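Residues per chain are reported as follows:
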Amino acid sequence: MSRRSKILSGALITSALALTSFEVTGVAASSTPAAAAAPAHAGHAMALSTAASPEDPDGDGYIPAVPPVTGTPSTQVPPHRYFHEFQANCAVSHTRPDDPIVYPQQPGKSHDHTFMGNTTTDAGSTTASLSAGGTTCKAPGDLSGYWMPTLYNGDKKILPVGPQVIYYKAGVTDYTSVRPFPKGLRFVVGSPMQSADEFRHHPGFVEGWECGDSYFNTEFPATCPNRADVQLNIRFQAPSCWDGKYLDTPDHKSHMAYPVVRPGTNDNVCPADHPVALPMIEFKMAFPVNGDMSQVRLSSGTGHSFHYDFFNAWDDRTLKALVDHCVVGGLQCDARGYDETHPEAGAALNSDYRLP
């Protein structure tokens, strides 16, 4: 079936993927140390996805949005607000050598990943299965899957402890144009195959690897202060402009793009071929390891192989409430959608992190 036919055929997409016409709108298992010690980049030698899955029956890698979303890059400049974000605080749920985006329906084919958010994420995950799963996120409505290569110190897995910070921000100057993610959108940020220079100059690079007073490292620092308050950290941002056509593409990246600077201005806008502004995800991960770092590595290779994956399975109404209240509203919100510096604005969610 051609890509055009796939776009036109709503029968290929389950009702869980449906979008409204006005809205654009995750039992612990682990691999063995032997699997983790596989050659760098094992499980990612194949550049394009070729496996069939329930959401991509012909296995060509294109999963169309039904209906597609059209629009033009926003060039508006709303009143300046320093913040326009909220947090998704999600803890580690499990580890597994699976990747339902790069290797759908192929368990054990990937290098080991550390999964956060949805407790059921594995090689067979689909939008429907994630939507029926559980979550480690504070907001029960966030059933999305978030994952990254597992960090090791020697053969010991080093897993982040407690809820990690996953920001949802405006990546464009016109924060009022940001829409919720479409259900079922998925993408990979960065690449395990990237060079050290590509990692350092990646548009998503924020602070690189850091610990103590050491910042902007492409590789893991040789040592970190051996103190209880010191952890290894990284911050990395995702693209936030969508083509409006596909929930996934064969390289798991082409349907997304980073904002660009509009000529003659300092304004960040979405490029014309990716006109739909979505939240910009930023991972802020903390790994409890310090002291001698000479044996620290990722399951995908050295420090510059860091990357991560996102598979959206948010409850549509919950995500829209947070995006509208915090991002479009120009607030700096916690996981409830509450900005303590603007208490008069209230919160998007109640004390149980659910819609009121």
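Refer to the structure presented above.
A short tour of the structure in this document, coming up. All of these numbers come straight from a predicted model, not from anything done at the bench. As a convention, each chain's residues are numbered from 1 in the sequence order in which they are written. Local features in this predicted model are restricted to residues of pLDDT 70 or higher, and side-chain atom pairs are both shown and tallied only at a pLDDT of 80 or more, whereas totals for entire chains, interfaces and linings draw on every residue. Note that water and hydrogens are dropped before the side-chain values are worked out from all heavy atoms of the structure.

In this section: the sheet that holds strand 19 (residues 276–277). Adjacent strands of a sheet pair through backbone hydrogen bonds, lying either parallel or antiparallel. Pairs of strands are assigned from DSSP output, requiring at least two bridges between the strands. The helix and strand labels rest on DSSP assignments: H or I over at least four residues marks a helix, E over at least two residues marks a strand, and numbering proceeds from the N terminus. Overall, antiparallel pairing links the 3 strands, which are arranged 16-14-19 in an open sheet. Bordering the open sheet on either side are strand 16 (256–257) and strand 19, each of which pairs with just one other strand. Two strands pair when backbone bridges link them, and strand 14 (residues 241–242) and strand 16 are joined in this way by 2 bridges, in the antiparallel orientation. Bridge pairing links tryptophan 242 to methionine 256 in strand 16.

The subject of this paragraph is the nonpolar core. What makes a nonpolar core is a set of buried Ala, Val, Leu, Ile, Met, Phe, Trp, Tyr and Cys residues whose side-chain atoms join them at distances within 4.5 Å. Relative accessible area decides the class of each residue, using a 1.4 Å probe on protein chains only: under 20% of the type maximum gives buried, over 50% gives exposed, and in between gives partly exposed. In this structure, Phe86, Tyr146, Tyr168, Ile281 and Phe287 are the most contacted members of the largest nonpolar core, which totals 65 residues. The dominant element in this core, judged by the number of residues it contributes, is helix 5 (residues 316–327), at 5 residues. Apart from the residues within four sequence positions on either side, phenylalanine 287 is in contact with Met148, Leu151, Ile158, Pro160, Trp209, Gln231, Leu232 and Ile234. Ile101, Val102, Tyr103 and Trp147 belong to the second largest nonpolar core, which has 10 residues in total. Throughout, a residue-residue contact means that at least one pair of heavy atoms, one from each residue, lies within 4.5 Å.

Okay, empty space enclosed by the protein next. There is about 120 Å³ of room inside the largest cavity. For cavity detection a 1 Å grid was placed over the protein atoms alone, and a set of points counts as a cavity when a 1.4 Å probe fits there but cannot get out; an open set counts as a pocket when protein lies on both sides within 12 Å along at least five of seven lines, with lining residues being those that have an atom within 4 Å of a point. In terms of lining residues, the largest cavity is bounded by 19 residues, among which Ser53, Ile63, Pro100, Pro104 and Arg186 are the most central. For the lining of the largest cavity, a count of residues per class yields 8 nonpolar, 7 polar and 4 charged. Together, Gln87, Ala88, Asn89, Cys90, Cys137, Lys138, Ala139, Asp142, Trp314 and Ala335 line the second largest cavity. For the lining of the second largest cavity, a count of residues per class yields 6 nonpolar, 2 polar and 2 charged. Grid points are joined across faces, edges and corners, and a volume is the space filled by probe spheres set on the points. Residues are grouped as follows: Ala, Val, Leu, Ile, Met, Phe, Trp, Tyr, Cys and Pro are nonpolar; Asp, Glu, Lys and Arg are charged; every other residue, Gly included, is polar.

The next subject is unusual backbone geometry. The linkage connecting valine 66 with the following residue, proline 67, adopts the cis geometry, with an omega of -5 degrees. Among the structural elements, proline 67 can be located in the loop between strand 1 (63–64) and strand 2 (85–90). Positive phi, close to 65 degrees, is recorded for glutamine 105, a residue that is not glycine. Here glutamine 105 shows up in the loop between strand 3 (92–96) and strand 4 (113–117).

Turning our attention to the environment of lysine 138. Following the sequence through the fold, lysine 138 ends up in the loop between helix 3 (127–131) and strand 5 (145–149). C-alpha separation for the pair lysine 138 and aspartate 352, spaced 214 residues apart in sequence, amounts to 8.3 Å. If near-sequence neighbours (up to four positions away) are discounted, lysine 138 is found in contact with Asn89, Pro163, Ala335, Asp352 and Tyr353.

Looking at the element boundaries, arginine 186 is found in strand 9 (residues 186–190). Judged by its relative accessible area of 3%, arginine 186 falls in the buried class. Counting of polar contacts relies on pairs of N or O atoms within 3.5 Å, with two restrictions inside protein: one atom must be capable of donating a hydrogen and the other of accepting it, and residues adjacent in sequence are counted only when both atoms are side-chain atoms. A distance of 3.0 Å separates polar atoms of two side chains, one belonging to arginine 186 and the other to glutamate 55. Sequence-distant contacts of arginine 186, defined by excluding residues within four places in its chain, comprise Glu55, Ile63, Ile101, Thr127, Leu247, Asp248, His255, Phe310 and Phe311.

Of the volumes computed, that of the largest pocket is approximately 380 Å³. Along the wall of the largest pocket there are 15 residues; nearest its centre are Lys169, Ala170, Gly171, Gln237 and Met280. By residue class, the composition of the lining of the largest pocket is 8 nonpolar, 5 polar and 2 charged.

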